[in-house]
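# Notes for the structure review
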Amino acid sequence: MLFGAEGGDFLARAVPAREELGALLRATKSEAPDYEGAIQRALDTASRVERQVLQEEEAASRLYDRLAGQPAGRWMLWIRNQAQFQTLGMLNLVLREAKRTRRAEPSRSEELSRMALSILPTLSSALYGATILRDRAALAWGYLGSALRAQGRLAEADRALKEGENLLPGDAREAPDETAWLRLFRASLARDQRRFDEALAAIYQARRLFRDLEDREHTAWTEVMTAEILAARGDRERSVAMLEAFLARVSPEQTGKLIYLTAVQHLTFTLAELGRGSEACRWMSRLHEVAAVFQDPLNQAR
């Protein structure tokens, strides 16, 4: 995967190739069709762009520290005026960093998301494809919304997520990765706003999309989030049953320690709220056992 879980396989999703293929097939429909030639030309285009983006990402890895180390005013000027920063490879790298830092360093993730949004207008849709750039823009707004939510700036987060959601196609199958992430971020924000029905609708959709994408990690994460939202809504018994079933079938090695820890943490607290003290104490021991692998486990699990 060239772009990671958010982007998918470039050869499968390369818009210039797909658009060229459609145009060629329409043009040859009433003539002697050369479908094999059209397909080959489309694949050649995709391969050429993929090679270029790989080269851009290699260059971006060398330039990133210099760009990201500048104050906002300066990096905005550099992006606007220096072609070496105006590439899809640089955008991909910045988006990956925005995603990576969104929990532990939300203010940094906010800055990187804004950096990605500054790079996007400099990119050529003729070269990279309008749909690829649209999907990247949706992710950038999504990461920005997530970072703002983590800082407690809920109204700003809502506006950012709406910008990203407005970019998504009506059919989630056209952008499943991006739609899954935006729905996940919307669920988190709606939970914090205590709009629990909206949060549940969003997390259910995110879970279906991550499952269809065979993304086991984030499918598990949405399951834990669903239980958390149910508890916040007051449906604690259902939340406990869901978390107990989840923890009975997974291990930290299967889900990742952070997801497992978060599930145990929520189960412990919910049992305590229900007055089921002995069960809560048993899970508290498990919580400390798993949390030992983190320097600041409870903050990481938030």
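Residues numbered from 1 in each chain as written. Predicted model: local features only at pLDDT ≥ 70, side-chain atom pairs only at ≥ 80, totals over all residues. Heavy atoms only, no water.

The helix and strand tally for the chain stands at 17 helices and 0 strands. Looking at the 302 residues of the chain, the share that counts as buried comes to 51%. For the chain, long-range pairs separated by at least 24 residues make up 64% of all intrachain contacts whose partners lie at least 6 apart in sequence. Put simply, the chain shows about 14,700 Å² of open surface, and 49% of that area lies on carbon and sulfur atoms. (Helix = DSSP H or I, 4+ residues; strand = E, 2+ residues; numbered from the N terminus. Buried < 20%, exposed > 50% of the residue type's maximum accessible area, 1.4 Å probe, protein only. Contact = heavy atoms within 4.5 Å. Areas by Shrake-Rupley, 256 points an atom, 1.4 Å probe, with all protein chains shown as cover.)

A word on the packing of helix H13 (residues 236-249) against helix H15 (residues 257-273). Contact geometry of H13 with H15 gives a least axis separation of 10 Å together with a crossing angle of 145°. Pair H13 / H15 crosses with left-handed handedness. Side by side, H13 and H15 meet where Arg236, Ser239, Val240, Leu243, Glu244, Phe246 and Leu247 of the first sit next to Ile259, Tyr260, Ala263, Val264, His266, Leu267, Thr270, Leu271 and Glu273 of the second. Among the residues making up the contact of H13 with H15, the classes are represented as 10 nonpolar, 3 polar and 3 charged. (Axes fitted to C-alpha atoms, helices over the stretch in contact; angles between N-to-C directions. Left-handed = near helix turned anticlockwise from the far one by under 90°. Nonpolar A, V, L, I, M, F, W, Y, C, P; charged D, E, K, R; others polar.)

For H13, spanning 14 residues, the distance from its first C-alpha to its last is 20 Å, which sits close to the expected 20 Å at 1.5 Å a residue. When we look at burial in H13, the residues that qualify are Ser239, Val240, Met242, Leu243, Phe246 and Leu247. Looking straight down H13, one finds its buried side chains confined to an arc of 165°; they lie on one side. The elements touched by buried residues of H13 are helix H11 (196-212), helix H12 (216-233), helix H14 (252-255), H15 and helix H16 (277-291). (Expected span 1.5 Å × (residues − 1). Arc of directions from axis to C-beta.)

Here Ser113 lies in helix H6 (residues 106-119). Using a relative accessible area of 0% as the deciding quantity, one classes Ser113 as buried. Polar contacts involving the side chain of Ser113 include one to the main-chain amide nitrogen of Leu144, which spans 3.4 Å. Not counting chain neighbours up to four residues away, the residues in contact with Ser113 comprise Ala98, Ala140, Tyr143 and Leu144. (Polar contact = N/O pair within 3.5 Å; in protein donor to acceptor, adjacent residues only side chain to side chain.)

This part is about the packing of aromatic side chains. One pass over the full model with this rule turns up 4 aromatic pairs. Their ring planes at 70° and their centres at 5.9 Å tell us that Tyr143 and Phe185 sit as a pair that is edge-to-face. Here Tyr143 is found in helix H8 (residues 130-150), whereas its partner Phe185 is found in helix H10 (residues 176-192), with 42 residues between them in sequence. Note on accessibility: Tyr143 and Phe185 belong to one class, buried. Look at Trp181 and Phe210: their rings are 5.6 Å apart centre to centre, the planes differ by 85°, and that puts the pair in the edge-to-face class. Of the two residues, Trp181 is situated in helix H10 and Phe210 in helix H11; the sequence distance between them amounts to 29 residues. With relative accessibility at 1%, the residue Phe210 sits in the buried group. A cation over a ring is seen here: Arg103 above Trp221, with NZ or CZ 4.4 Å from the ring centre. (Phe/Tyr/Trp six-rings, centres within 6.5 Å; stacked < 30°, edge-to-face > 60°. Lys NZ or Arg CZ within 6 Å of the ring centre and 35° of its normal.)

It is worth spelling out the pattern of salt bridges at this point. Tallied over the entire structure, the rule returns 24 salt bridges. Residue Arg191 pairs with Glu228 through a salt bridge whose shortest N-O separation is 3.2 Å. In this pair, Arg191 is assigned in helix H10 and Glu228 in helix H12, connecting sequence segments 37 residues apart. On the accessibility criterion, Arg191 (14% relative accessible area) is buried. (Salt bridge = Lys/Arg side-chain N within 4 Å of Asp/Glu carboxyl O.)

Spanning 17 residues, H15 covers 24 Å between terminal C-alpha atoms, matching the ideal 24 Å at 1.5 Å per step. Summarising burial for H15: 13 of the 17 residues are buried, a large majority. Just downstream of H15, Gly275 is the residue with a positive phi angle, here 80°.

Position of Thr101 among the secondary structure elements: in the loop between helix H5 (88-100) and H6. By relative accessible area, which is 2% here, Thr101 ends up buried. Polar side-chain contacts of Thr101 include one of 3.5 Å to the backbone oxygen of Ala98. Not counting residues up to four positions away in its chain, the partners in contact with Thr101 are Pro106, Arg108, Ser109 and Leu112.

All right, on to the confidence of the model for the chain then. Parts of the prediction with low pLDDT should not have their coordinates interpreted in detail. Looking at the chain, the pLDDT average stands at 84 and 80% of residues meet or exceed 70. Confidence scores differ between elements of the chain, with helix H1 (residues 10-13) showing the lowest mean pLDDT of 46 and helix H9 (residues 154-167) the highest of 98. Across residues 1-12, confidence stays below pLDDT 50; counting only partners more than four residues off in sequence or on other chains, it has 39 contacts. Note that pLDDT drops below 50 for residues 296-302; the model gives that stretch 13 contacts with residues more than four away or on any other chain. (pLDDT = per-residue confidence, 0-100.)

Right, let's get into the packing of H15 against H16. What describes two packed helices is the angle between their axes and the distance between those same axes. Between H15 and H16, the least distance of the axes is 9 Å, while the angle of their chain directions is 155°. Relative to H16, H15 is oriented roughly antiparallel. Crossing angle aside, the handedness with which H15 passes H16 is left-handed. Each of Lys257, Tyr260, Leu261, Val264, Gln265, Leu267, Thr268, Leu271 and Ala272 in H15 lies in contact with H16, whose residues at this interface are Glu279, Ala280, Trp283, Met284, Arg286, Leu287, Val290 and Ala291. For the contact of H15 with H16, the per-class residue count stands at 12 nonpolar, 2 polar and 3 charged. (Parallel < 35°, antiparallel > 145°, perpendicular 65-115°, else oblique.)

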